[in-house]
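# A closer look at the structure
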Amino acid sequence: MQSLLSHEKRTKASISHRIFPALALLDPRYLQTAPGHLINDTAVDALGHLVESFINTNATDYSRMCVLTGLSVWKKSRDIFLGKREAGIRDYENMLTASAMAGMAISHTGTSLPHGLSYYLTYEKGIPHGKAVGRFLPGYLREAAQEETSLILEKAGFSNPDDLERFYTAVCGQETEGAVSRKLKEEAISGILANPGKLKNCPHPVNEAVLQRIWG
Ligand SMILES: [Fe+2]
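Within the protein, Asp 45 (OD), His 49 (NE2), His 115 (NE2) and His 129 (NE2) serve as the donor atoms for the iron ion, at 2.2 Å. Between the 4 donor atoms coordinating the iron ion, the angles at the centre fall across 86 to 172°, so the site counts as irregular. Each donor residue of the iron ion lies on one chain, and together they are spaced D-x3-H-x65-H-x13-H. Of this pair, Asp 45 sits in helix 1 (residues 36-54) while His 115 sits in helix 5 (residues 113-125); the two residues are 70 residues apart in sequence, bridging distant segments of the chain. What makes His 115 buried here is its relative accessible area of 1%.

Laid out in structure tokens, this is it:
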């Protein structure tokens, strides 16, 4: 998923459907020297791509095939993200595979509400992209159809949205909370509600109360 920064609109914006890479270089050696916090933030971003492309108006059997395989592969690295074991080259390969599956899925469908909300945290507060997206994933899942939420969480190895939230806090920390003011929350929610393009990929009705709950 490519994205660009718009200072005019004070946000990041995705440009999916216009650019589709002909080639992806998935060499696990690239990750061997990556800092742990970068791996974790990126892993949570990939999880966001998987979740948001599954719970999405534009989801197809093909995009969901990528999601379900991607989640199964993503799950294999959970203990590494939690710092419970060291990663080997095969683990880095798994991370890249999950990320590639997630990228293909989200390129089919476009992003949904967690990405839309995350851009406010990233643009206004400088919170890294994956960390900002992950903050809204448990809430997005709580609002979705029960059978879809259960399937996704089970594939990724979580028992429920609260379990995912604990994982998120463990791997991404809680620094975002100090940066999240009431003013920014109101600005983000009214911004999303005023932008039909941000709402159309969510398969269920979205109003202020829904966004308030997702924001938390
Ligand atoms: Fe993303």
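From this point, things continue past the structure.
With that out of the way, let us pick up helix 2 (residues 61-75). A rise of 1.5 Å per residue sets the reference length of helix 2, with its 15 residues, at 21 Å; its end C-alpha atoms lie 21 Å apart and thus fit the reference within 8%. Among the residues of helix 2, Ser 63, Cys 66, Val 67, Gly 70, Leu 71, Val 73 and Trp 74 are the ones counted as buried. Taken down its axis, helix 2 places every buried residue within 165° of arc, on the same side. Residues of helix 2 that are buried sit in contact with helix 1, helix 3 (78-81), helix 4 (89-109), helix 8 (146-156) and helix 9 (161-172).

So, how was this worked out
- Residues numbered from 1 in each chain as written.
- Predicted model: local features only at pLDDT ≥ 70, side-chain atom pairs only at ≥ 80, totals over all residues.
- Heavy atoms only, no water.
- Donors = N, O, S within 2.8 Å, 3.2 Å for Na, K, Ca; no water.
- Tetrahedral: all angles 85-135°; square planar, octahedral: opposite > 155°, others 65-115°.
- Helix = DSSP H or I, 4+ residues; strand = E, 2+ residues; numbered from the N terminus.
- Buried < 20%, exposed > 50% of the residue type's maximum accessible area, 1.4 Å probe, protein only.
- Expected span 1.5 Å × (residues − 1).
- Arc of directions from axis to C-beta.
- Contact = heavy atoms within 4.5 Å.

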